[in-house]
Amino acid sequence: MELPKFNETFLPILEVLKDGQVIKGRDLIRLVEERFYSDLPRDLLEQTTKSGDRLIENRIAWGKSYLKKGELVHYPQRGYVQITEKGKLAKPENVSLNEIHSNVITFYEPESKSASETTIAVNASPQDLIDSGFEQIEREVKDELLSKLKGIDPYAFEKIILILLKKMGYGDFIETSKSGDGGIDGIINEDQLGLEKIYIQAKRFTENKVRETDIRNFIGAMSGDTHKGIFVTTSTFDEKAKIKAKNAHHKIILLDGSKLVDLMHKFNVGVQTKITYEIKALDNDFFDSEEI
């Protein structure tokens, strides 16, 4: 006997959620384990990951995450989960890892990418498997991070952007007034005297793209006080917006949702290191030394 793989928890999760109730994520994990896996040997159920989490809970949680990516469940509020209409109508034979991979389009998986391309080759080296695992976890974290950013208060989003720029090594930031700020959400001083300024515009969009008018308004709000600006959004920029920014007399950097979460992940804003793995290799110098 062995523990279920994370994708083998898909159907049990949907079964627990099939009545449409909104339940806590932790309760979902507990109910799935109680209803479907409580008969497994205790030594299996007590297995843990290297970080100390119970392995069965970890796999159910990953199953829930993938079902969300496949739009079979959603998170109506922080810490809670609910089945979607798509999840209710899904046929068991269609609830598989390949189906979810083939239907999910994210910033990190191009639409043209086939399910077979996401499968690790059977002849992959251990290092390949490690690298692939880390890349998969990183994609998951970035997807969750972007989803979180799209759901937070717009003013909190603006503050996060300023914190990120501070972590990236820019100078002290100034939050602008929340009324009558002329479209400027923050100002970064590149030097201690404030002789060089960077104006910041942050747009927390869920679906809409940033358009040319948004860039034009941003340029107008800079009003000759500076020639540098950063426009950040959780969505993307349409082509006219990109052209407007490129052709502007100002130096304007555009950060879309994909680039934003890349930077937040790199500079540890909104994420934390859960565990560090130590990989050891044979020390040939030790065996070749004259000391032995």
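Overview of the structure. (Residues numbered from 1 in each chain as written. Predicted model: local features only at pLDDT ≥ 70, side-chain atom pairs only at ≥ 80, totals over all residues. Heavy atoms only, no water.)

This part takes up the sheet that holds strand β4 (residues 173-175). With mixed pairing, 5 strands are arranged side by side in an open sheet as β4-β5-β6-β7-β8. Edge positions in the sheet fall to β4 and β8 (251-255), since each of these pairs with one other strand and no more. Going from strand to strand, the sheet's axes swing by 20° on average, the running direction of each strand aside. Pairing analysis gives 5 bridges linking strand β6 (residues 197-203) to strand β7 (residues 228-233), with the strands arranged parallel. Across the sheet, residue Lys 203 finds its bridge partner in β7, namely Thr 233. In the packing of helix α11 (residues 257-266) onto the sheet, contacts are made with β7 and β8, and the angle to β8 comes to roughly 85°. (Pairing = 2+ DSSP bridges. Helix = DSSP H or I, 4+ residues; strand = E, 2+ residues; numbered from the N terminus. Axes fitted to C-alpha atoms, helices over the stretch in contact; angles between N-to-C directions. Contact = heavy atoms within 4.5 Å.)

As for its placement among the helices and strands, Thr 9 is situated in the segment before α1 (10-17). Setting aside chain neighbours within four positions, we find Thr 9 in contact with Pro 4, Tyr 37, Arg 59, Ile 60 and Gly 63.

This paragraph deals with the sheet that holds strand β3 (residues 80-83). A sheet is described by the order of its strands in space; here 3 strands give the open sequence β1-β3-β2, paired in antiparallel fashion. Only two strands of the sheet have a single partner each, and these edge strands are β1 (23-24) and β2 (73-74). Bridge count between β2 and β3: 2 bridges; the pairing is antiparallel. When the bridges of β3 are listed, Val 73 appears paired with Ile 83. Strand contacts of α1: β1, β2 and β3, with the helix running at about 90° to β3, the strand carrying the most contacts.

In this section: α11. Among the residues of α11, Gly 257, Ser 258, Leu 260, Val 261, Leu 263 and Met 264 are the ones counted as buried. Residues of α11 that are buried sit in contact with α7 (126-151), α8 (154-167), β7 and β8. Two to three positions downstream of the cap, the backbone nitrogen of Ser 258 sits 3.2 Å from a side-chain oxygen, assigning the N-cap of α11 to Asp 256. Positioned one or two residues after α11, Asn 268 has a phi angle of 60°, which is positive. (Buried < 20%, exposed > 50% of the residue type's maximum accessible area, 1.4 Å probe, protein only. Polar contact = N/O pair within 3.5 Å; in protein donor to acceptor, adjacent residues only side chain to side chain.)

So, on to the pairing of β3. Here 2 bridges tie β1 to β3, and the two strands are oriented antiparallel to one another. Paired with Ile 23 across the two strands is Val 81, which belongs to β3. Joining the antiparallel neighbours β2 and β3 is a turn of 5 residues, in which Gly 79 adopts a positive phi near 85°.

Running from N to C, α8 and α11 cross one another at 55°; their axes reach a closest spacing of 11 Å. Viewed along their axes, α8 and α11 adopt a mutual orientation that is oblique. Handedness of the α8/α11 crossing: left-handed. Residues Phe 157, Ile 160, Ile 161 and Leu 164 of α8 lie in contact with α11, whose contacting residues are Leu 260, Leu 263 and Met 264. (Parallel < 35°, antiparallel > 145°, perpendicular 65-115°, else oblique. Left-handed = near helix turned anticlockwise from the far one by under 90°.)

A word on helix α2 (residues 25-37). Its 13 residues place the ends of α2 17 Å apart at the C-alpha level, agreeing with the 18 Å of an ideal helix rising 1.5 Å per residue. Taken together, the buried positions of α2 are Gly 25, Leu 28, Ile 29, Leu 31, Val 32, Glu 33 and Tyr 37. Residues of α2 that are buried sit in contact with α1, β1, α3 (42-45), α4 (55-69) and β3. (Expected span 1.5 Å × (residues − 1).)

On to the nonpolar core, then. Residues Leu 17, Leu 28 and Leu 67 are the most contacted members of the largest nonpolar core, which totals 26 residues. Apart from the residues lying within four places of it in its own chain, the contact partners of Leu 67 are Phe 10, Ile 13, Leu 14, Leu 72, Val 73, Val 95 and Ile 100. By size, the runner-up hydrophobic cluster in this structure holds 22 residues, among which are Ile 152, Phe 157, Ile 161 and Ile 200. (Core = buried A, V, L, I, M, F, W, Y, C linked by side-chain atoms within 4.5 Å.)

Further remarks concern the packing of aromatic side chains. Throughout the structure, instances matching the rule amount to 7 aromatic pairs. Judged by centre distance (5.0 Å) and plane angle (50°), the rings of Phe 6 and Tyr 66 are tilted. Of this pair, Phe 6 sits in the segment before α1 while Tyr 66 sits in helix α4; the two residues are 60 residues apart in sequence, bridging distant segments of the chain. With a relative accessible area of 21%, Phe 6 lands in the partly exposed category. Here the aromatic rings of Phe 231 and Phe 237 are separated by 5.8 Å at their centres, their planes lie at 75°, and the arrangement is edge-to-face. With relative accessibility at 0%, the residue Phe 231 sits in the buried group. Note on Phe 237: relative accessible area 6%, which makes it buried. Among the aromatic side chains, those forming a connected cluster through ring pairs are Phe 6, Phe 10 and Tyr 66. (Phe/Tyr/Trp six-rings, centres within 6.5 Å; stacked < 30°, edge-to-face > 60°.)

Shape is all these values report; function is a separate question.
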